[in-house]
Amino acid sequence: MQSGQSLSLIGGDVNLNGGLLAAPEGRVELGGLAEAGKVGFNPDGSLTFPNNVARGNVTLSNQANVSVIGQRGSITVNARNLDISTGSGLFAGIPSGANSDAQAGDIVINATDRVRIEGDSNSSIFIINVPLVGKAGDIVINTSILEGTGRFLIGSGAFG
């Protein structure tokens with residue numbers, strides 16, 4: 001995918017079983033709807049999910065990874081439940097070679113019921129800046145229940 005593009009996967013339940021979804025410096029939107037409803041497109045390319053429609057589940061398993069590494073790349077998940085397991089993850093951040101005024105993107109999760117991370121193989125929600133340049137993005141998790149087991153990571157860090 002070309003840099004700065006958007007990738008949106010919307011359906012009943014969204015299941016990623018292995019593999020990589022990458023939109024460098026772009027936007028990835030994952031959304032589940034459990035019944036018919038209208039998803040809106042905003043001028044900035046983001047999506048608006050209807051509040052009055054039941055959401056479906058989003059699952060990342062078997063090292064399924066979503067990456068928007070690059071300036072201002074963002075990930076948004078809208079679901080009833082988000083399950084991340086077996087080495088899977090959501091990743092944003094600034095790569096090496098960026099200048100000091102670079103801005104990493106955000107990861108936003110809107111789960112009406114639960115976010116669960118099973119860390120049997122280092123499952124993650126992570127923003128990383130390599131090396132120590134620029135500004136980190138935000139990780140926002142809106143949910144009723146945040147549940148984690150095993151080895152997992154939710155955080156933002158800089159290395160270099």
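Counting restarts for each chain: residues are numbered from 1 in the order of the written sequence. With the structure being a predicted model, the display of local features is reserved for residues of pLDDT at least 70 and the display and counting of side-chain atom pairs for 80 or more, all residues being used for whole-chain, interface and lining totals. Note that the side-chain values use all heavy atoms of the structure and ignore hydrogens as well as water.

S.K.: Any chance you could explain the overall build of the protein chain here in plain terms?
M.R.: Comment: elements are numbered from the N terminus, with helices defined as DSSP H or I runs of at least four residues and strands as E runs of at least two. Counting its secondary structure elements, the protein chain contains 0 helices and 13 strands. Along the protein chain, from the amino end to the carboxyl end, the secondary structure elements read β-β-β-β-β-β-β-β-β-β-β-β-β. The globule rule used for comparison is 2.2 Å times the number of residues to the exponent 0.38, while the radius of gyration itself is calculated over C-alpha atoms. At 15 Å, the protein chain has a C-alpha radius of gyration in line with the 15 Å of a compact globule built from 160 residues. In terms of overall dimensions, the protein chain has C-alpha extents of about 45 × 40 × 25 Å along its principal axes. Burial here depends on accessible area, computed with a 1.4 Å probe over protein chains only, as a share of the maximum for the residue type. Under 20% is buried, over 50% is exposed, and the range in between is partly exposed. Within the protein chain, buried positions represent 43% of all 160 residues. The contacts of the protein chain with a sequence gap of at least 6 include a subset with a gap of at least 24, amounting to 66%. Accessible area of the protein chain: about 7,600 Å², with a carbon and sulfur share of 48%. We score Asp and Glu as negative and Lys and Arg as positive, and we do not count His or the chain ends. Every charge is mapped to an atom, namely NZ of Lys, CZ of Arg, CG of Asp or CD of Glu. If you average the places of the 9 positive and of the 13 negative side-chain charges in the protein chain, the two averages end up 2 Å apart. Two residues form a contact once any of their heavy atoms are found within 4.5 Å. Values of accessible area rely on a 1.4 Å probe in the Shrake-Rupley scheme; residue burial ignores everything except the protein chains shown.

S.K.: Is there a simple way to think about a nonpolar patch on the surface in this case?
M.R.: Patch membership requires more than 30% relative accessible area and the absence of a salt bridge. Residues of like charge join within 9 Å; the nonpolar side chains Val, Leu, Ile, Met, Phe, Trp and Tyr join within 5 Å. For this analysis, a salt bridge means a side-chain nitrogen from Lys or Arg found within 4 Å of a carboxyl oxygen belonging to Asp or Glu. Taken together, L146, F152 and I154 make up a surface patch of nonpolar side chains, about 250 Å² in accessible area. Mapped onto the fold, L146 is located in strand β13 (residues 145-158). According to the relative accessible area criterion, L146 is exposed, its value standing at 51%.

S.K.: Mind showing me how you'd approach the nonpolar core here?
M.R.: As a rule of thumb, soluble globular proteins bury nonpolar side chains together. In these notes, a set of buried Ala, Val, Leu, Ile, Met, Phe, Trp, Tyr and Cys residues joined through side-chain atoms within 4.5 Å is what counts as a nonpolar core. Counting residues in hydrophobic clusters, the biggest one holds 28 residues, and the most contacted among them are L30, L60, V66, V77, L90 and I109. Taken together, the elements giving at least two residues each to this core come down to β2 (14-17), β4 (27-32), β7 (58-61), β9 (74-85), β10 (89-94) and β11 (107-129). In contact with I109, other than residues within four places in its own chain, are V77, L82, L90, V115, I125, V140, I141 and N142. Formed by 5 residues, the second largest nonpolar core is a distinct cluster that contains V39, L47, F49 and V53.

S.K.: I tried to follow the pairing of β4 on my own but got confused; where do I start?
M.R.: Across a regular strand the side chains alternate sides, sitting on one face of the sheet and then on the other. Within β4, 6 of the 6 residues are buried, which leaves the element mostly enclosed by the surrounding structure. Residues of β4 alternate between two faces, with R27, E29 and G31 on one and V28, L30 and G32 on the opposite face, all of them buried. The pairing of strand β1 (residues 6-11) with β4 spans 6 bridges and is classified as parallel. Paired with S8 across the strands is E29, a residue of β4. DSSP-based pairing: two strands are paired if at least 2 bridges between them are found. In this structure, β4 lies alongside β9, joined through 5 bridges in parallel fashion. Bridge pairing in β9 links R27 to S74.

S.K.: Where do I start with the environment of F126 in this structure?
M.R.: Mapped onto the fold, F126 is located in strand β11. Here F126 falls in the buried class, since its relative accessible area comes to 11%.

S.K.: Looking at this model, I keep getting lost on unusual backbone geometry. Mind explaining?
M.R.: For residues that are not glycine, phi is negative in most cases, and the peptide bond is trans in most cases. Not every positive phi belongs to a glycine, and N62 is a case in point at roughly 55°. Counting through the fold element by element, N62 comes out in the loop between β7 and β8 (65-67). With a relative accessible area of 45%, N62 lands in the partly exposed category. Of note, the phi angle at Q63 is positive, near 65°, even though the residue is not glycine. Examined against the element boundaries, Q63 turns out to sit in the loop between β7 and β8.

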